[in-house]
Amino acid sequence: MTDVTIRRALLSVSDKSGLVELGQALAAKGVELVSTGGTAKALREAGLDVKDISELTGFPEMMDGRVKTLHPKVHSGLLAVRDNAEHLASMAEHQIGAIDLVVVNLYPFAATVAKGADRDEIIENIDIGGPSMVRSAAKNHAHVAIVTDPADYADVASGVTTLEQRRRYAAKAYALTASYDGMISQWFAHVDQGQAFPDTLAVTATKSEELRYGENPHQAAALYIPNGPHARGIAQAEQVQGKELSYNNYNDADAALELVAEFRNGPPTVVIVKHANPCGVATGETLLEAYRNALECDSVSAFGGIIAVNRPLDGPTAEAMAGIFTEVVAAPAADEAARAVFAKKKNLRLLITGDLPDPARPGLNIKNIAGGYIVQTRDNGQISETDLKVVTKRAPSEQELKDCLFAWTIAKHTKSNAIVYAKDGVTAGIGAGQMNRRDSARIAAIKAKEAAETYGWDTPKTVGSAVASDAFFPFADGLLSAAEAGATAVIQPGGSMRDDEVIAAADEHGLAMVFTGMRHFRH
């Protein structure tokens, strides 16, 4: 069986957009309309002849509408195989009419949760009859069309459906019920029961767009948006201009946005990221000052990088940013002058993010491994000055403490092993992703020395800086490399078997060192 002429349609929707137009089109084709509650009312108010579901079932809607479509005459009309003689005989014996089209969208469970409704209201917005009809119609898609997406209303308005259409609608329908049940299970697990890691983890998302390719041209990629309530981030940013974003663009822009969000309540801050690692971060009196300081940290790596800022972007800052090749700039907003500057750079992507995400928000990180997933809570750990423990003979000065905490924040967002030098709210050198901490310290110092040579400074900015290590120093060698680079203060988690040795080395070189008691590995 290929084409099916629609003779009877059952419509039951929460979202009434496009409903009346669809009902009018179907009625014009001689289709009998069967409906429920508010849907029937909306169709009648438009002057359409509608049969109540109770007329079809011979059974009244009851229990505040909880029971209306859960009836054999509905589901038999959906599930009957039209070319099966036994099924046809049963339909004739029990006076069951076939239903050729079902149009359903479900109770707004996610929207009810998102608006902060109480538990009773949330439970009432768990749809039962809708998903049941959707599944019945989708299973019998050889004969029945199930439409769950208003975008498909125009297709069925003709009064005839093809098998290809019905197969496509069935796939959408099962994706809808899977997503819907997934959101409900997540709410029960994470919110109602307070389980971080439920026995079954249901993760559902909707494709936003297909990307040009993945990390490499031979890999395919797409962007998905989580279903249900979720935090906004780079995935929801408005792209003002520039060519299509790639997988790597999204990955790097996310890293930049997450880091700059740590300063959302701070002074003007600019983050420059390359390959998901910060290569320059700075605060300043203005965004322009912050950008110039961030760029000077590692102008070589900044070429082709991603920039994120924590303030609306202005024209002078945009003009400076346009001075080198930049892939993406992400900002909460941008004035007309900034947009006009970037408009001359047709390939540069400008993303408007609105409010920056809360770095302290909860959530899960999920990573594929061969044969499964590893899941962890987000690294939303934060340290303040009162959490620090001074472990050296010399306590850090007020400025050294500020630089320690600034460097620590950058290290949190730098791939392990991470070493970050910072001075006066500006990164002096960043070492990332090395197999040992000593090499990270040396690489960061080399970058600082090269910056000094490039800009004609008397000394590298590591001299008099604070240095942050994302995890403890297992040996004194990494700390000694930092001392050699001119660092005067150190912030690290502590907890090594050789802490005493490292502390003694810090004392010997006149360094002030504080322990955080918290590690920030990032792999």
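The coordinates are above.
Quick caveat, the model's predicted, so the values are computed rather than measured.

A. Just the overall build of the protein, in detail. Check the secondary structure of the protein and you find 19 helices and 23 strands. Here the protein has a C-alpha radius of gyration of 30 Å; the compact-globule value for 523 residues is 24 Å, and the former is much larger. By principal-axis analysis of the C-alpha atoms, the protein measures approximately 95 × 50 × 40 Å. In the protein, which comprises 523 residues, the proportion classed as buried is 50%. Positive and negative side-chain charges of the protein, numbering 51 and 65 respectively, have mean locations separated by a distance of 3 Å.

B. Inspection of the packing of aromatic side chains at higher detail. Across all of its chains, the model carries 6 aromatic pairs by this definition. With a centroid separation of 5.0 Å and 75 degrees between ring planes, the pair formed by Trp 187 and Phe 188 is classed as edge-to-face. Phe 188 sits in the partly exposed class, given a relative accessible area of 28%. The rings of Phe 109, Tyr 180, Trp 187 and Phe 188 are connected pair by pair, giving a single aromatic cluster.

C. Structural detail: the pairing of strand β19 (residues 419-423). Counting buried positions over the 5 residues of β19 gives 4, a clear majority of the element. Hairpin connection from β19 to strand β20 (residues 426-431): 2 residues lie between these consecutive antiparallel strands, with Asp 424 at a positive phi of about 55 degrees. Both β19 and strand β21 (residues 466-469) contribute to a ladder of 4 bridges, which runs antiparallel. Considered in β21, the bridge of Val 420 is made with Ala 468.

D. Layout of helix α17 (residues 437-455). Across its 19 residues, α17 extends 27 Å between first and last C-alpha, which sits within 8% of the 27 Å expected from 1.5 Å per residue. Listed in full, the buried residues belonging to α17 are Arg 437, Ser 440, Ala 441, Ala 444, Ala 445, Ala 448, Ala 451 and Ala 452. One side of α17 carries all its buried residues, which in axial view fall inside an arc of 130 degrees. Along α17, exposed side chains directed more than 90 degrees from the buried face belong to Lys 449, Glu 453 and Thr 454. The secondary structure elements touched by the buried residues of α17 are α12 (287-297), β19, β20, β21 and α18 (476-484). Taking the backbone nitrogen of Arg 438 as reference, a side-chain oxygen 3.2 Å away marks Asn 436 as the first, capping residue of α17. The first or second residue beyond α17 is Gly 456, which carries a positive phi of 70 degrees.

E. Expanded view of the environment of Ala 137. Residue position: Ala 137 is located in helix α8 (residues 129-139). Not counting the four nearest positions on each side in its chain, Ala 137 is found in contact with Leu 78, Val 102, Val 144 and Ile 146.

F. Summary view of the sheet that holds strand β4 (residues 51-52). Strand order in the open sheet made by the 5 strands is β4-β3-β2-β5-β6, with parallel pairing throughout. Strand pairing shows two members of the sheet lacking a second neighbour, β4 and β6 (145-147), which therefore form its edges. Where strand β5 (residues 101-105) and β6 come together, 3 bridges link them in parallel fashion. Residue Val 103 lies in a different strand from β6, and its bridge partner there is Val 147. Strands in contact with helix α1 (residues 19-28) are β2 (8-13), β3 (32-35) and β5; relative to β2, the strand with the most contacts, it is inclined by about 175 degrees.

G. Representation of the layout of surface pockets within the structure. Roughly 620 Å³ of volume is contained in the second largest pocket. In terms of lining residues, the second largest pocket is bounded by 25 residues, among which Leu 176, Ser 179, Met 183, Thr 206 and Asn 227 are the most central. Broken down by element, the lining of the second largest pocket gets its largest block of residues, 8 residues, from helix α10 (residues 163-192). Residues belonging to the lining of the second largest pocket are distributed by class as follows: 14 nonpolar, 8 polar and 3 charged.

H. Examining helix α11 (residues 247-260) more closely. Between the first and last C-alpha of α11 there are 20 Å, a value that for 14 residues agrees with the 20 Å anticipated at 1.5 Å per step. Most of α11 is tucked away: 10 of the 14 residues are buried.

I. Molecular detail of a nonpolar patch on the surface. A cluster of nonpolar side chains, contributed by Leu 201, Val 203, Ile 366 and Tyr 373, occupies part of the molecular surface with about 400 Å² of accessible area. Tracing the sequence through the fold places Tyr 373 in strand β17 (residues 372-377).

Parameters at a glance
Residues numbered from 1 in each chain as written. Predicted model: local features only at pLDDT ≥ 70, side-chain atom pairs only at ≥ 80, totals over all residues. Heavy atoms only, no water. Helix = DSSP H or I, 4+ residues; strand = E, 2+ residues; numbered from the N terminus. Rg over C-alpha atoms; globule rule 2.2 N^0.38 Å. Buried < 20%, exposed > 50% of the residue type's maximum accessible area, 1.4 Å probe, protein only. Lys, Arg positive; Asp, Glu negative; His and termini not counted. Charge placed at Lys NZ, Arg CZ, Asp CG, Glu CD. Phe/Tyr/Trp six-rings, centres within 6.5 Å; stacked < 30°, edge-to-face > 60°. Pairing = 2+ DSSP bridges. Expected span 1.5 Å × (residues − 1). Arc of directions from axis to C-beta. Contact = heavy atoms within 4.5 Å. Polar contact = N/O pair within 3.5 Å; in protein donor to acceptor, adjacent residues only side chain to side chain. Axes fitted to C-alpha atoms, helices over the stretch in contact; angles between N-to-C directions. 1 Å grid on protein atoms, 1.4 Å probe; cavity = no way out; pocket = protein on both sides within 12 Å on 5 of 7 lines; lining within 4 Å. Points joined across faces, edges and corners; volume = space filled by probe spheres on them. Nonpolar A, V, L, I, M, F, W, Y, C, P; charged D, E, K, R; others polar. Patch = residues over 30% accessible without salt bridge, like charges linked within 9 Å, V, L, I, M, F, W, Y side chains within 5 Å. Areas by Shrake-Rupley, 256 points an atom, 1.4 Å probe, with all protein chains shown as cover. Salt bridge = Lys/Arg side-chain N within 4 Å of Asp/Glu carboxyl O.

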